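Notes for the structure review
Residues per chain are reported as follows:
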Amino acid sequence: MDMYYVSTRGGEEKKSAAEAIKQGIAENGGLFMPSSLPRITQEDLEKLAQMTYPQRAAHILSLFLTDYQYDELLADCEKAYAEDKFPGGPAPITDYSDKIKMLELWHGPTCAFKDMALQIMPRMLARALEKTNEKRTALILVATSGDTGKAALEGYKDVPGVQIQVFYPVDGVSNMQKRQMAVQEGENVCVCAIKGNFDDAQNGVKKIFGDTAFNQQLEQNGYFLSSANSINWGRLCPQIVYYVSAYCDMVARGDLAMGEKLDVCVPTGNFGNIFAAFIAKQMGLPIGKLICASNRNNILTDFLRTGVYDKNRPFYATMSPSMDILISSNLERLLYFLCGAEETAVYMKSLAENGKYEISKEIMAALSSHFIGAFCSEEETAATIKTAFEHGYLCDTHTAVALKCALAYEKESTDKTAGKLLVVSTASPYKFAPSVLKALDQSIPENEFDSIDALIGATGTKAPKPLLCLKDKKIRFDQTIEADAMKNAVLSFTQSN
Ligand SMILES: *Cc1c(COP(=O)(O)O)cnc(C)c1O
């Protein structure tokens with residue numbers, strides 16, 4: 001059966017997967033959702049267990065992207081998840097304890113889990129351009145607070161029919177993240193630091209997307225704008241795969257009996273990663289509770305506990321910056337799933353107008369049957385890095401938030417049937433070396449590469465190659481511009497190629 005995509009805010013719009021991936025967001029401002037969810041049976045899982053990761057990915061993607069050939073998807077997945085991109089495999093599981101297992105999603109080119117989607121999504125977009133007979137060049141604009149920008153650059157570099165331009169706040173990303181972006185290779189990439197904070201970068205990008213006259217000018221020059229953030233279905237869909245894959249691997253490792261329920265704990269920002277787990281559960285994967293782990297910006301914890309989403313609150317810059325978010329975009333998809341388009345549109349209107357909404361008792365009950373909200377303070381995050389290392393596992397600041405919430409859940413759980421718990425590990429500790437060193441009571445060197453050496457020295461662990469290699473790469477982008485000069489920067493980028 002053919003799958004099509006509809007808006008979370010209703011309306012008549014119906015798109016193929018290729019069109020939805022190209023367009024990114026629905027015309028009425030909603031997010032695209034598949035018209036139905038495919039099922040995975042136990043029999044399917046037994047078959048998937050025999051497959052490689054790229055085969056598992058192609059199988060799951062083909063259920064959602066029915067306008068793509070299975071062979072196209074398989075060829076793309078084999079390239080995206082190849083050994084040279086993910087040495088040792090894309091989604092290995094390691095033991096934390098008998099009960100708690102870590103799903104490590106940071107073995108890709110940029111050392112954070114964003115690679116899991118952003119290595120495959122550009123290939124899906126390139127196919128979408130072909131399938132829709134697109135003659136214009138897709139210009140991907142990204143505002144980033146660090147991880148997404150680099151992962152998108154690595155994914156889209158030298159993809160035909162696409163150019164990518166990334167804006168980041170000059171003082172709002174770590175030195176390592178800055179370095180990662182400054183040395184980016186590829187003929188179709190451009191990176192600009194802007195004076196201002198992340199909101200300035202994001203607002204600048206939003207303004208450009210909303211500027212009709214400017215979009216017409218781009219159109220005349222042969223371009224159309226597209227986005228790479230997690231509101232795009234092309235980002236979300238590949239994330240379903242690693243939950244299914246992890247389940248198969250855990251059965252093979254003897255951690256689970258086939259069919260046994262698995263609880264999952266995910267460090268959450270935009271609610272993309274954990275929503276992918278929820279979809280896997282709806283498809284039939286035996287997942288029990290979904291623990292939504294937040295840092296000090298615990299708006300999701302409050303929402304899941306009270307049913308009130310209220311963004312009128314202070315924003316904190318924490319040591320897990322990729323989770324510092326007050327509007328978790330993908331929550332809209334969950335609301336749509338639980339209460340339909342009409343009610344979702346009402347909540348989203350209230351969020352836009354008052355920064356707040358409260359869900360009904362019925363939805364609250366449905367929500368509570370799947371999700372548990374938990375959070376972790378800055379002190380607890382640091383303490384968890386230390387105790388986890390003493391226990392034998394070195395984790396980054398984001399993973400530490402999830403691990404702390406998982407350990408607390410395990411301790412408090414009165415449910416005697418509670419089984420294994422999978423904690424999603426989203427970044428290499430070396431990507432956030434200064435914060436990890438500090439948590440381990442070590443001194444922090446000034447230079448980002450000295451921090452890597454110090455972390456190797458303090459822990460005896462290995463640093464990922466992509467970070468070590470940065471040192472020898474030539475700086476290509478060292479330009480800082482005013483936030484109000486972003487439009488000009490876009491124009492000159494399109495004229496330079
Ligand atoms: C993006 C990111 C997160 C948050 O993921 P969401 O899908 O936005 O919830 C967590 N950890 C790291 C390291 C990230 O880069």
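Located above this text is the structure these notes cover.
Treat the numbers as computed from the prediction; the structure is a model and nothing was measured.

Structural notes on the site of the ligand
Near the ligand, the surroundings consist of 15 residues, among which Lys114, Asp147, Gly269, Asn270 and Thr426 are the closest. Within the side chain of Lys114, a nitrogen or oxygen atom sits 2.6 Å from an oxygen atom of the ligand. Here an oxygen atom of the ligand sits 3.5 Å away from a polar atom, N or O, in the side chain of Ser322. Out of a free accessible area of 390 Å², the ligand has 96% covered by protein chains. For the shell around the ligand, the class distribution of residues is five nonpolar, eight polar and two charged.

A look at the pattern of salt bridges
On inspection of all chains with the given rule, the structure shows 23 salt bridges. Residues Arg313 and Asp302 are paired through a salt bridge, measuring 2.9 Å at the closest nitrogen-oxygen approach. In this pair, Arg313 sits in the loop between strand E11 (308–310) and helix H14 (331–354) while Asp302 sits in helix H13 (residues 299–306), placing the two residues eleven residues apart along the sequence. Overall, the relative accessible area of 25% leaves Arg313 in the partly exposed class. Connected via shared salt-bridge partners are Lys22, Glu134, Arg136 and Glu219.

A short note on the environment of Gln217
Its place among the elements puts Gln217 in helix H10 (residues 212–220). A C-alpha to C-alpha distance of 9.2 Å links Gln217 and Leu491, two positions 274 residues apart in sequence.

Focus: the side chain of Lys22
Here Lys22 is to be found in helix H1 (residues 17–23). The exposure class of Lys22 is buried, given its relative accessible area of 14%. Among the polar contacts made by the side chain of Lys22, one reaches the side chain of Thr132 at a distance of 3.0 Å. Those residues in contact with Lys22 that sit more than four places away from it in its chain are Leu125, Ala128, Leu129, Thr132, Glu134, Phe224 and Ser226.

A short note on the sheet that holds strand E4 (residues 100–104)
On the basis of which strands lie adjacent, the open sheet formed by six strands has the order E3-E4-E14-E9-E10-E13 and mixed pairing. Both outer strands of the open sheet, strand E3 (93–95) and strand E13 (371–375), are each paired with one neighbouring strand and no more. The average undirected angle you get between the axes of adjacent strands in this sheet is 25°. Across three bridges, the pairing between strand E9 (residues 262–267) and strand E14 (residues 421–425) is parallel. Each residue of the ladder has a partner; that of Cys265, found in E14, is Val423.

Digging into the sheet that holds strand E6 (residues 162–169)
Strand order in the open sheet made by the five strands is E8-E5-E6-E7-E15, with parallel pairing throughout. If you trace the sheet from one side to the other, it starts and ends with strand E8 (223–226) and strand E15 (480–482), each paired once. Taken pair by pair, the neighbouring strands of this sheet meet at an average axis angle of 30°, ignoring direction. Two strands pair when backbone bridges link them, and strand E5 (residues 137–143) and E6 are joined in this way by six bridges, in the parallel orientation. Paired with Leu141 across the strands is Gln165, a residue of E6.

Some remarks on the nonpolar core
Phe64, Leu65, Tyr156, Trp233, Tyr243 and Tyr357 are the most contacted members of the largest nonpolar core, which has 110 residues in total. Examining the composition of this core, we find that twelve residues originate from one element, helix H11 (residues 233–253), more than from any other.

Section: empty space enclosed by the protein
According to the stated counting rule, one finds one cavity of 30 Å³ or more in the structure shown. The calculated volume of the largest cavity comes to roughly 40 Å³. Across the lining of the largest cavity, the residue classes tally to four nonpolar, six polar and no charged.

Reading the values: the criteria
- Residues numbered from 1 in each chain as written.
- Predicted model: local features only at pLDDT ≥ 70, side-chain atom pairs only at ≥ 80, totals over all residues.
- Heavy atoms only, no water.
- Near = heavy atom within 4 Å.
- Polar contact = N/O pair within 3.5 Å; in protein donor to acceptor, adjacent residues only side chain to side chain.
- Areas by Shrake-Rupley, 256 points an atom, 1.4 Å probe, with all protein chains shown as cover.
- Nonpolar A, V, L, I, M, F, W, Y, C, P; charged D, E, K, R; others polar.
- Salt bridge = Lys/Arg side-chain N within 4 Å of Asp/Glu carboxyl O.
- Helix = DSSP H or I, 4+ residues; strand = E, 2+ residues; numbered from the N terminus.
- Buried < 20%, exposed > 50% of the residue type's maximum accessible area, 1.4 Å probe, protein only.
- Contact = heavy atoms within 4.5 Å.
- Pairing = 2+ DSSP bridges.
- Axes fitted to C-alpha atoms, helices over the stretch in contact; angles between N-to-C directions.
- Core = buried A, V, L, I, M, F, W, Y, C linked by side-chain atoms within 4.5 Å.
- 1 Å grid on protein atoms, 1.4 Å probe; cavity = no way out; pocket = protein on both sides within 12 Å on 5 of 7 lines; lining within 4 Å.
- Points joined across faces, edges and corners; volume = space filled by probe spheres on them.

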